[in-house]
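# Chain and residue survey
For reference, the chains in residue letters:
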Amino acid sequence: MTSRFTELAVDCHDPERLAAFWCEVLDFKVIDRSEGKVEIGSWVPTVEDVRARQMPATLLFIQVPEGKTVKNRLHLDVSPIDASTENEVTRLLGLGATKTDVGQGSDRNWVVMADPEGNEFCVLRTLAPQK
C-alpha cells in the first residue's frame, strides 16, 4: 500500500488573492475553486495519473477565520529558472511578497520572503543556465 503527496493545503483569509499571487510566482493556473477554496497547479490531476506515478503536488488555499500567528513549520522553496536569484526576488517583491527575517542571518545564499498573507517561503539559488 502506498499514498501519494497530492496537494499542500494553505490556510488563509483570501484564497483568491493568495492563489493569484502563487499562480504568478509558479506559472500555475487555477484548476478548481469552490466556496472558500481555490486549488492551483501545473496540471489537472486525474485519479489515473496519480495512481500511476508521483505527480507534482497542487496548492490548495482554504479560507479560515484566524490569522497567522507564528513562523511556518512547513514552507515552500522556489528556485528561479530563467533569472538570477536577485532578479527573482525583485519580481516577487513587485507581486506583493516581502523580505522577512526568521533568524537566518545575512550570510545565506537564499532569501526568506513572505507571501501577501505572511507565509514564509525561500528563494533559492538560480537554476538559469550560466552565460
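Our subject is the structure that appears above.
Read on for a plain summary of the structure. Source: prediction; values computed, not measured. In this convention, every chain numbers its residues from 1, walking through the sequence in written order. The predicted nature of this model means local features are confined to residues of pLDDT at least 70 and side-chain atom pairs, given and counted, to a pLDDT of 80 or more, with totals for whole chains, interfaces and linings taken over all residues. For the side-chain quantities, the full set of heavy atoms in the structure was used; hydrogens and water were omitted.

### Points about the pairing of strand β7 (residues 111-114)
Counted only if it meets this: For two strands to be treated as a pair, DSSP must find no fewer than two bridges joining them. Secondary structure elements follow DSSP: runs of H or I of four or more residues count as helices, runs of E of two or more count as strands, with numbering from the N terminus.
For strand β6 (residues 98-99) and β7, the ladder comprises 2 bridges, and the chain directions are antiparallel. Bridging across to β7, Thr98 finds its partner in Ala114. In this structure, β7 lies alongside strand β8 (residues 120-123), joined through 4 bridges in antiparallel fashion. In the sheet register, Val112 faces β8, and the bridge partner there is Cys122. Taken together, β7 and the strand that follows it, β8, pair antiparallel across an intervening segment of 5 residues, in which Gly118 is found at a positive phi of about 90°.

### Description of the nonpolar core
The test is simple: Among buried residues, the Ala, Val, Leu, Ile, Met, Phe, Trp, Tyr and Cys ones that are joined through side-chain atoms within 4.5 Å form a nonpolar core. When a residue's accessible area, from a 1.4 Å probe over protein chains only, is under 20% of the maximum for its type it is buried; when over 50% it is exposed; and in between it is partly exposed. Residue contacts are defined here by distance: any two heavy atoms, one from each residue, within 4.5 Å place the two residues in contact.
Formed by 21 residues in total, the largest nonpolar core has its most connected members in Trp22, Ile40, Phe61, Leu92, Met113, Phe121 and Val123. Of all the elements in the fold, those that place two or more residues in this core are β1 (7-12), α1 (15-26), β3 (37-41), β4 (58-63), α3 (85-95) and β8. For this core, the element with the highest residue contribution is α1, accounting for 6 residues. With residues up to four places along the chain from it excluded, the contact list for Val123 reads Val78, Pro80, Thr85, Glu88, Val89, Leu92, Trp110, Val111 and Met113.

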